[in-house]
Amino acid sequence: MIKKLLVANRAEIAVRVIRACRDLGIKTVAVYSTADAQGMPVAMADEAVCIGEAPTDKSYLNVRNIITTACALRCDAIHPGVGFLSENADFAKQVEDAGLVFIGPRSETIALLGNKVAARQAALAAGIPITPGSSEALVDLADAKKTAEHIGYPIILKAAAGGGGRGMRIVRKEEQLEQSLQMARKEALAFFGDASVHMERFLEQPRHVEIQLLADGQGGVVHLGERDCSVQKNHQKLLEESPSPNLDEGLRKAMCHDSVRLFKELGYRGAGTVEFLVERDAYYFMEVNARLQVEHPVSELVSSLDLVQAQIKIAQGKKLPFKQKDIRISGYALECRINALSAGVITTLQLPSGPFVRVDSHLEAGSILSPYYDSMVAKIIIWAPDRDQGIAVMLRALEEVNIQGITTNLDEQKRLIASKQFRGGRFTTDLYQKVCEQEK
Amino acid sequence: MIKKLLVANRAEIAVRVIRACRDLGIKTVAVYSTADAQGMPVAMADEAVCIGEAPTDKSYLNVRNIITTACALRCDAIHPGVGFLSENADFAKQVEDAGLVFIGPRSETIALLGNKVAARQAALAAGIPITPGSSEALVDLADAKKTAEHIGYPIILKAAAGGGGRGMRIVRKEEQLEQSLQMARKEALAFFGDASVHMERFLEQPRHVEIQLLADGQGGVVHLGERDCSVQKNHQKLLEESPSPNLDEGLRKAMCHDSVRLFKELGYRGAGTVEFLVERDAYYFMEVNARLQVEHPVSELVSSLDLVQAQIKIAQGKKLPFKQKDIRISGYALECRINALSAGVITTLQLPSGPFVRVDSHLEAGSILSPYYDSMVAKIIIWAPDRDQGIAVMLRALEEVNIQGITTNLDEQKRLIASKQFRGGRFTTDLYQKVCEQEK
Amino acid sequence: MDSIEHMDLSEVLTLFDSSTLSELEISCSSFSLKLKRPVVGEPVKAMKQSVQETQVKPTPATADNTEELEIITSPIVGTFYLTPAPDAPPYVQVGSKVERGQVLCTIEAMKLMNQLECEYSCEIVEILAKPEQLVEFGQPLFKVKKL
Amino acid sequence: MDSIEHMDLSEVLTLFDSSTLSELEISCSSFSLKLKRPVVGEPVKAMKQSVQETQVKPTPATADNTEELEIITSPIVGTFYLTPAPDAPPYVQVGSKVERGQVLCTIEAMKLMNQLECEYSCEIVEILAKPEQLVEFGQPLFKVKKL
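Looking at an unreviewed UniProt entry, chain C carries the name Biotin carboxyl carrier protein of acetyl-CoA carboxylase, with the source organism given as Sphaerochaeta halotolerans. Entered under Pathway (unreviewed entry) in the UniProt record, the comment concerning chain C runs "Lipid metabolism; fatty acid biosynthesis."

The name given to chain A in an unreviewed UniProt entry is biotin carboxylase, with the source organism recorded as Sphaerochaeta halotolerans. Quoted straight from UniProt, the Catalytic activity (unreviewed entry) entry for chain A says "N(6)-biotinyl-L-lysyl-[protein] + hydrogencarbonate + ATP = N(6)-carboxybiotinyl-L-lysyl-[protein] + ADP + phosphate + H(+)". Regarding chain A, the UniProt comment filed under Function (unreviewed entry) reads as follows: "This protein is a component of the acetyl coenzyme A carboxylase complex; first, biotin carboxylase catalyzes the carboxylation of the carrier protein and then the transcarboxylase transfers the carboxyl group to form malonyl-CoA."

> With reference to specific residues and values, describe the environment of Ala 195 of chain A.
Residues and elements named next belong to chain A. Examined against the element boundaries, Ala 195 turns out to sit in the loop between α8 (177-192) and β8 (197-201). Distance from Ala 195 to Ala 184, taken between C-alpha atoms, is 8.0 Å for residues 11 residues apart in sequence. With residues up to four places along the chain from it excluded, the contact list for Ala 195 reads Arg 185, Ala 188 and Leu 189.

> An account of the sheet that holds strand β8 (residues 112-117) of chain C is needed here, citing residue identities and associated values.
Residue and element names in this part refer to chain C. The strand order across the open sheet formed by four strands is β8-β7-β5-β10, and the pairing between neighbours is antiparallel. Each edge of the open sheet carries a strand with a single partner, namely β8 and β10 (134-135). Two elements, strand β5 (residues 78-81) and strand β7 (residues 103-109), share three bridges in a ladder whose sense is antiparallel. Across the sheet, Thr 79 pairs through a bridge with Glu 108, a residue of β7.

> Before we move on, could you go through the relation of the copies chain A and chain B and cite the residues and values that matter?
You can overlay chain A on chain B at an RMSD of 0.1 Å; the transform is a turn of 180° with a shift of 0.0 Å along its axis. Seen this way, the second copy is the image of the first under a two-fold rotation axis. If distances are taken from each C-alpha of chain A to the rotation axis, the shortest is found for Arg 358 of chain A, at 3.5 Å.

> Describe the interface of chain A and chain B, and please don't skip the residues or the numbers.
Every contact between the two is made by 29 residues of chain A and, on the other side, 29 residues of chain B. Taken over both partners, the interface formed by chain A and chain B buries close to 2,300 Å², and the fraction arising from carbon and sulfur atoms is 52%. The largest contributions to the chain A side of the interface with chain B come from Arg 19, Asp 23 and Phe 356 of chain A, which together make up 24% of the buried area. Viewed at the interface, chain B and chain A are joined by four salt bridges. If you look at where chain A meets chain B, you find 11 residue pairs in polar contact (both at pLDDT 80 or more). When residues of the side of chain A that touches chain B are assigned to their parent elements, the largest contribution, five residues, is made by helix α12 (residues 387-399) of chain A.

> So what's going on with the pairing of strand β17 (residues 357-361) of chain A? Residues and values would help.
Residue and element names in this part refer to chain A. Across the five residues of β17, five count as buried, placing the element largely inside the fold. Judged by which residues are buried, β17 turns out to be covered on both faces: Val 357, Val 359 and Ser 361 on one side and Arg 358 and Asp 360 on the other are all buried. Where β17 meets strand β19 (residues 376-384), five bridges bridge the pair, whose relative direction is antiparallel. Counterpart to Arg 358 in the pairing with β19 is Ile 381.

> Quick one: what's the story with helix α7 (residues 141-151) of chain A, residue by residue and with numbers?
Because the α-helix completes a turn every 3.6 residues, residues three or four places apart line up on one side. All names here are of chain A. Inspection of α7 places Ala 144, Thr 147, Ala 148 and Ile 151 among the buried residues, and these make up the whole buried set. Relative to the axis of α7, the buried residues are bounded by an arc of 100° and lie together on one face. Along α7, exposed side chains directed more than 90 degrees from the buried face belong to Ala 142, Lys 146, Glu 149 and His 150. In this structure, the buried residues of α7 make contact with β6 (155-159), α8 and β8. For α7, the N-terminal capping position is held by Asp 140, with its side-chain oxygen 3.3 Å away from the main-chain nitrogen of Ala 142.

> How would you sum up the domain arrangement of chain A? Please name residues and give values.
Taken domain by domain, chain A consists of domain 1 (4-103), domain 2 (132-201) and domain 3 (207-437). A C-alpha centroid distance of 30 Å is found between domain 2 of chain A and domain 3 of chain A.

> Got a sec to walk through unusual backbone geometry? Specific residues and values, please.
Residue Pro 154 of chain A follows Tyr 153 of chain A across a cis peptide bond; omega there is -5°. By the secondary structure assignment, Pro 154 of chain A is in the loop between α7 and β6. Pro 243 of chain B follows Ser 242 of chain B through a cis peptide bond whose omega is -5°. Topologically, Pro 243 of chain B is positioned in the loop between β11 (236-242) and α9 (249-266). Positioned with a positive phi, Phe 356 of chain A is a non-glycine residue whose angle comes to about 65°. Tracing the sequence through the fold places Phe 356 of chain A in the loop between β16 (348-350) and β17. The class for Phe 356 of chain A is buried, based on a relative accessible area of 15%. Unlike most non-glycine residues, Lys 111 of chain D shows phi in positive territory, near 65°. Mapping Lys 111 of chain D onto the fold places it in the loop between β7 (103-109) and β8 (112-117). Lys 111 of chain D sits in the exposed class, given a relative accessible area of 76%.

> Go over the sheet that holds strand β7 (residues 169-171) of chain A with me, naming the residues and quoting the values.
Residues and elements named next belong to chain A. Taking strand neighbours across the sheet as the criterion, the three strands line up as β7-β6-β8 in an open arrangement whose pairing is antiparallel. Looking at strand neighbours, the two that pair on one side only are β7 and β8, the edges of this open sheet. Ignoring which end each strand starts from, the neighbouring axes of this sheet average 25° apart.

> Would you mind going over the packing of aromatic side chains in detail, with residue names and values included?
Taken as a whole, this structure holds 20 aromatic pairs over all chains when the rule is applied. An angle of 50° between the planes, with centres 6.0 Å apart, marks the rings of Tyr 372 of chain A and Tyr 373 of chain A as tilted. By relative accessible area, which is 10% here, Tyr 373 of chain A ends up buried. Their ring planes at 40° and their centres at 5.7 Å tell us that Phe 356 of chain B and Trp 383 of chain B sit as a pair that is tilted. With Phe 356 of chain B in the loop between β16 (348-350) and β17 (357-361) and Trp 383 of chain B in strand β19 (residues 376-384), this pair connects stretches of sequence that are 27 residues apart. You can call Trp 383 of chain B buried: its relative accessible area is 10%. A connected cluster of aromatic rings, assembled from ring pairs, spans Tyr 60, Phe 84, Tyr 372 and Tyr 373 of chain A. Over the ring of Phe 422 of chain A we find Arg 387 of chain A, and its NZ or CZ is 4.4 Å from the ring centre. It is Lys 146 of chain D that lies over the ring of Tyr 120 of chain D; its NZ or CZ is 4.8 Å from the centre.

Conventions used here
Residues numbered from 1 in each chain as written. Chains lettered and ligands numbered in written order. Predicted model: local features only at pLDDT ≥ 70, side-chain atom pairs only at ≥ 80, totals over all residues. Heavy atoms only, no water. UniProt positions renumbered as here; feature names shortened; annotations may be inferred. Helix = DSSP H or I, 4+ residues; strand = E, 2+ residues; numbered from the N terminus. Contact = heavy atoms within 4.5 Å. Pairing = 2+ DSSP bridges. Least-squares fit on C-alpha atoms with pLDDT ≥ 70 in both. Buried area = accessible area lost by both parts, 1.4 Å probe. Salt bridge = Lys/Arg side-chain N within 4 Å of Asp/Glu carboxyl O. Polar contact = N/O pair within 3.5 Å; in protein donor to acceptor, adjacent residues only side chain to side chain. Buried < 20%, exposed > 50% of the residue type's maximum accessible area, 1.4 Å probe, protein only. Arc of directions from axis to C-beta. Domains from an automatic or database assignment. Axes fitted to C-alpha atoms, helices over the stretch in contact; angles between N-to-C directions. Phe/Tyr/Trp six-rings, centres within 6.5 Å; stacked < 30°, edge-to-face > 60°. Lys NZ or Arg CZ within 6 Å of the ring centre and 35° of its normal.

In structure tokens, the structure reads:
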């Protein structure tokens, strides 16, 4: 039984976890950097401990200080939130070794899925389509050339241990391959301590579609349908919606079934997401996010399930209390991320409310948006019976937003959502470019 | 087709209507008194017109100024909100006569249901149990004595045209009857211009349970289940929930079926509520609220329907797009009214947000809570899979509330919701007294 | 109260605190002072229609020179007419001298023509509302000079 | 109260602190001054644990008299011990003179005993943290006087 839980994160997601704990009657401990002493998680948690200076490696990535705090304050569990240590297998292992419950998958599962080559192999073994490419890390330039010839240009090089665009290189012609491979290896080594690089076919105009799953590690696995995260800016998701506005029902079903099968074969425990790229009538496994995701509220609104509460219950060893047939996905949900484009003091912060609008934020008027961290100001999520009505509700909600003191992407988001292309539903990952950059 | 709608109300419910209009692409006109010039409805509406001084009879009840504004600004419809003119048959008639759409039942329906004696007769005709009492207005003292003897003391005298406690008298012994009848008649004449009074048996410890309905006036009638509004203070509702925590399934079904039958026989058009008193294993028709109700969000959260949008579509002549079998009531919803106990400037106003929490309010930090009007600061409404979880979510939400500058009932509401009696679900209309007054 | 130069700071602060100002700057021979207060949240949107909250009773307007001018505002909501009929001459014009009880304009509400009578003798200095348009409660209609 | 020219800083600060102002600028013949307060919204709840945001490096503490006192804060999170072992004598006591490099205390984190060494010679004036309890990052441990 978890009675006290340490939240090893900050900002909006820390507030989200604290709210779930309050709903479950679990006490919380917030840990924070010196920059976040005035933050909402510190104010909301039952106890709060400063764990270091503002730079993340001194505080939110400081494993020793976090685990020491959890042990000293007699916590039963640690929730890593999103980002930071949430997909760090070594951290999960140390939490387990300290006799604490890690709210997330088993450390071995995180380790396996953290390696892109290993994850692709696991997907392949489960019979899931992957983008054509090397099934192992590239041996040398000759191997790379042969593989590229086999799958056809353009190709993309990716760091096996990587993520977030680091160690990635798109190669359109064979002449560029040698130099790109060198650069990718160099970056991979620098950022991830592992020079291994593999190759995949590069899809020019894919959609990003991901399947949300819950698994209890005891045979119970359900999916909560998909989220379409195709609206991105520099690989950062801006809008997420469910259901996807332009997805063949057959594809949807196949992706859901494939994801459930993969999680069953992995013996996965916890909440997780399988990310796919979809191009025309085909879908390709991209990776598994072995953690909660920023956009999880979208699935919460269409499924009426609380994913953070579910994570905690699963980590306590409980079996899923429902089967796939009990899951009812209804209506439409859309999330809009309001991001700051500058740091500073937020002098005015009016966020929307009212029917069918949810706001997840950790800020208030007077809050300081720190330059050290993620720039998210708020997530606004709406529910409606269908997509057309949902877009109207989201535009109504965004119209109520008033943020002064910092600049944000609010106007861009309004423009995106009101655009013909977004309303039409037939767009790919270049929508932001088309709507916001070319119109300038 | 309604393109522009005048909102003949103020505060939270005006904001609620404006939001629904935005969702439907309908332009709005706010009308306001001089006390409300800085209010949120004025800021949100597309146009705003001052219609008079602060006292309600000079502004929000000023029929001429409201209809003149609607005509001059070429509105297609008027939404009366809740209270004020929302159950005024004469106003509805004048709106219809001016060629505008009244968002509500037909004026004749409002007129019929506004008379308590007529409403009781309509219920009786539809085969709905009513509290034993006079089926017509009392003729004289002799008639009153005979009727009281027949139904048994305690009895309650009610103004036929009344509401809100005015013209009401509880009589426990025959000796009190003469004087009470005189007083009730006097008040009825003073407040409602009609001295007619009727008599019902007085129930000492009833529950207040009401059925929410939608009807298109074209044969389509559905119910959205019940709301339990038993938690009251001086006949003012404090908490409303759905489903009722302590209602026999047979009673629930019978009340829903009776309500649908009544609305069908009335040819009712619009949203409406049938209020019942429930005591032990019996239920009694009390009245029909021929309008939207303050607590409508409770039904919105369990049915996933937008009642204000539905009202507007029905008023436009649309048939209900669903039948009873399509209505899915799921989970549990609870509304908590945060009321001010003093007027003044609200210096701090932090309202909750996050998962499964909805807030309907019209105030912000710096707003003035005017002494002229209703004292509601905000409605906080939560959804959860079941009542126990719902109570936890509501307590979490209330914990996030911070209101400075005025005093409110926040602490009382927390105490009520956390009380053993409320959690247990077995309480009647005297819960507030038991929890908040006797503990003092 | 002392002249500004001789005020002490607490007097200024007390004044400022009890005022509705958000900023205050003073400069004089001996010192300059600037005060500012956190502003309450701005409204969601700017107001669509500017509202001058004037009284129904005539109230002193800002004096142009040293003349004592008054504003006559609309007591009801309706359509503002300066003439009794479409082709009739106006009730009043700028420069008109008006007796107490004389009609200034009509305001149409629900097909009723309501004649607005002047409550005192005055001279019309300016007509502030546009004919044939909606006037709201309290909207300034005429600027007048009391006679 | 003095006129502004003759006020001293503490008077101004006291006034400012007890006011609702967010900024205050004064310039006059004898001085110019600009005060500003961050307009921070109140936290949802009061903070559970008071945090003194001090630096890891010793920083000047508020002088008690005219002595120059420093605060030594915790560089990590852990359990604070004044003795190397349960029955051993303490590393230091109030009044101890400590050399640069000498151990002041141990802070246990994940079963490792971390010895905190002094960065300069000093005298222990006060022990600020409670033994055997969790100290957080930046928490004041010792008040010392530099030698």
